[in-house]
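What follows is the residue order along each chain.
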Amino acid sequence: MRTAGRHFLQIPGPSPVPDRILRAIDMPVIDHRGPGFADLGHRVLQGIKRIFKTTQPVIIYPSSGTGAWEAALVNTMSPGDKLLMVETGHFASLWQALALKLGLQPELIETDWRRGADPALIEASLRADSKHEIKAVCVVHNETSTGSTSRIAAVRKAIDSAGHPALLLVDTISGLASADFRFDEWGVDVAVSGSQKGLMLPPGLSFNAVSEKAIEASSSAGLANSYWQWSDMIEANARGYFPYTPSTNLLFGLAEAIDMLEEEGLDNVFARHIRHAAATRTAVEAWGLEVQCQVAEEFSPVLTAVRVPDGSDADQLRAAILAHCDTSLGNGLSKIAGKVFRIGHLGDFNDVTLAGTLAAVEMGLHHAEVPHQTGGVQAALEYLKTTRDAKAKVA
Ligand SMILES: *Cc1c(COP(=O)(O)O)cnc(C)c1O
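The rules we used
- Residues numbered from 1 in each chain as written.
- Predicted model: local features only at pLDDT ≥ 70, side-chain atom pairs only at ≥ 80, totals over all residues.
- Heavy atoms only, no water.
- Domains from an automatic or database assignment.
- Contact = heavy atoms within 4.5 Å.
- Salt bridge = Lys/Arg side-chain N within 4 Å of Asp/Glu carboxyl O.
- Pairing = 2+ DSSP bridges.
- Helix = DSSP H or I, 4+ residues; strand = E, 2+ residues; numbered from the N terminus.
- Axes fitted to C-alpha atoms, helices over the stretch in contact; angles between N-to-C directions.
- Buried < 20%, exposed > 50% of the residue type's maximum accessible area, 1.4 Å probe, protein only.
- Near = heavy atom within 4 Å.
- Polar contact = N/O pair within 3.5 Å; in protein donor to acceptor, adjacent residues only side chain to side chain.
- Areas by Shrake-Rupley, 256 points an atom, 1.4 Å probe, with all protein chains shown as cover.
- Nonpolar A, V, L, I, M, F, W, Y, C, P; charged D, E, K, R; others polar.
- 1 Å grid on protein atoms, 1.4 Å probe; cavity = no way out; pocket = protein on both sides within 12 Å on 5 of 7 lines; lining within 4 Å.
- Points joined across faces, edges and corners; volume = space filled by probe spheres on them.
- Phe/Tyr/Trp six-rings, centres within 6.5 Å; stacked < 30°, edge-to-face > 60°.

**Q** So what exactly am I meant to see when it comes to the domain arrangement of the protein chain here?
**A** By a widespread convention, an interface's size corresponds to the accessible area lost as its parts come together. Each assigned domain of the protein chain is listed here: domain 1 (8-15 + 265-387) and domain 2 (19-262). The C-alpha centroid of domain 2 is placed 27 Å from the C-alpha centroid of domain 1. The interface of domain 1 with domain 2 comprises 33 residues on the first partner and 35 residues on the second. Where domain 1 touches domain 2, the interface holds three salt bridges.

**Q** Hey, could you run me through the sheet that holds strand β9 (residues 190-194) in this one?
**A** Two orientations exist for strands paired in a sheet by backbone hydrogen bonds: parallel and antiparallel. An order of β2-β10-β9-β8-β5-β3-β4 is seen for the seven strands of this open sheet, with the pairing classed as mixed. Looking along the sheet, the strands with just one partner apiece sit at the ends: β2 (58-61) and β4 (105-110). Neighbour-to-neighbour, the strand axes of the sheet open up by a mean angle of 20°, direction not taken into account. Relative to β4, strand β3 (residues 82-87) runs parallel, the two sharing six bridges. Residue pairing in the sheet places V86 in a bridge with I109 of β4. The strands that helix α4 (residues 90-101) touches are β3, β4, β5 (134-140), β8 (167-171) and β9; relative to β3, the one it contacts most, it runs at about 160°. Where helix α5 (residues 119-128) meets the sheet, it contacts β3, β4 and β5, and its direction lies at approximately 170° from that of β5.

**Q** Just to check I follow, could you spell out the pairing of β3 for this structure?
**A** Looking along a regular strand, one sees side chains alternate from face to face of the sheet. In terms of residue burial, β3 counts as a mostly covered element, since five of its six residues are buried. With four bridges connecting them, β3 and β5 associate as parallel partners. Note on β5: the bridge partner recorded for L84 is V137.

**Q** Explain the site of the ligand to me, please; I cannot follow it from the model alone.
**A** Residues in close proximity to the ligand total 13 residues, the closest being S64, T66, T144, D171 and K197. T66 has a polar side-chain atom sitting 2.5 Å from an oxygen atom of the ligand. Here the ligand loses 87% of its free accessible area of 380 Å² to cover by the protein chains. For the shell around the ligand, the leading source of residues is helix α3 (residues 65-76), giving three residues. A class-by-class count of the residues in the shell around the ligand yields four nonpolar, seven polar and two charged.

**Q** Where do I start with the pairing of β9 in this structure?
**A** For β9, a buried count of five out of five residues is recorded, marking the element as mostly surrounded by other parts of the structure. Neither face of β9 is exposed, since V190, V192 and G194 on one face and A191 and S193 on the opposite face are all buried. In this structure, β8 lies alongside β9, joined through three bridges in parallel fashion. Each residue of the ladder has a partner; that of D171, found in β9, is V192.

**Q** What's the story with the layout of surface pockets in this structure? I'm lost.
**A** Gaps between atoms show up when a probe of the same size as a water molecule is rolled over them. Roughly 340 Å³ of internal volume is contained in the second largest pocket. Lining of the second largest pocket is provided by 18 residues; of these, P16, P18, D348, F349 and T353 occupy positions nearest its centre. Of all the secondary structure elements, the ones that give two or more residues to the lining of the second largest pocket are β1 (8-10) and α9 (248-264). Split by residue class, the lining of the second largest pocket holds nine nonpolar, four polar and five charged. Each of domain 1 (8-15 + 265-387) and domain 2 (19-262) gives at least three residues to the lining of the second largest pocket.

**Q** So what exactly am I meant to see when it comes to the packing of aromatic side chains here?
**A** What characterises a pair of aromatic rings is the spacing of the ring centres plus the angle enclosed by the ring planes. One pass over the full model with this rule turns up nine aromatic pairs. One aromatic cluster in this structure is built from F52, F181, W186 and F207.

**Q** What's the story with the sheet that holds strand β12 (residues 303-307) in this structure? I'm lost.
**A** Read across the open sheet, the five strands follow the order β1-β13-β14-β12-β11; overall the sheet is mixed. With one partner strand each, in any of the chains shown, β1 and β11 (290-291) form the two edges of the open sheet. In this structure, strand β13 (residues 327-331) lies alongside strand β14 (residues 340-344), joined through two bridges in antiparallel fashion. Directly across from G330, in β14, lies its bridge partner R342. The sheet strands contacting helix α10 (residues 266-287) are β11, β12 and β14, and the helix crosses β12 at an angle near 15°. Along the sheet, helix α11 (residues 314-325) makes contact with β13 and β14, crossing β13 at roughly 165°.

The structure is reproduced here in structure tokens:
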């Protein structure tokens, strides 16, 4: 049976692709080695640097974000190298699993999955590593499984105060273009990202922004790599080309996405996300439910993970919301499966999309008989009304 109206894709990535980007992608494929291609190549390669806030090279792969995770490690590490990783949630643990498969030795700082990475614990681990065996610190900027952000500038400070030479590798797959991110200013060495979250594109592109120190490390790193090799990319990119076939049509979309982000202004984009996250938490509180993240300064602007009361099943709730309201929400992953659902409020998103999404949740709570108070939508609307013209503060 046909479902009328637009499907609400409110998972925290892939995020809905705006019509402007769909139109930009809907073009005949061009010759990626032809004379006209370099204009597109230079445009996206320069433009994406402004989104990462860097003057360093940004490598664009035709892959999902996981590929760029692998690229960050195989370009900089040698077999058996030690890493310091912080298990902020499911995505951090997947990156750790990938590192193990590559033959690296991750040392793990565990958390309760309800906060970002603790810079003080990172500093203590690095100070204890007096022989400087740890080659990289790996942190997830926006942990999409829990709705917690890590304070990357503070992590950089922790590494510097420990006087430790480790590289700083940051997964900002769901952070970039939704949450403030400053590659150069924060002293990140490799930033990993993807197309399908804040950049509003379909899945299929991933990114490595690379510092000079990371490029230097790549010249002596011992892990085998070929497809992911930065040097081949950097060489071809200098002329506006790629060493192998890029995702041409997604690059058309990327050029459009960069235009859209710059027309709105990155600071306005970040403020919009912060405000929608705050409105969402207002609704959650009015429902009498609990937000997964427990540290106010680490609340994610990208998504909100909400805990259901004991005795309720978050996946049954999500199924009811999909069946009755044609709205997809994110599921709880691994050890919080069934206990949380995730509301994505990222990308091409406005007050009315948020109101619709929260209305779907409130109706679903009723249909799935999850104990709650009504009035969450109303509370969020009040928040949105009273903050309409306020410039939310960008952290
Ligand atoms: C989505 C996501 C990933 C995985 O990206 P894929 O494109 O699915 O490979 C990794 N880390 C974070 C933080 C994410 O949000």
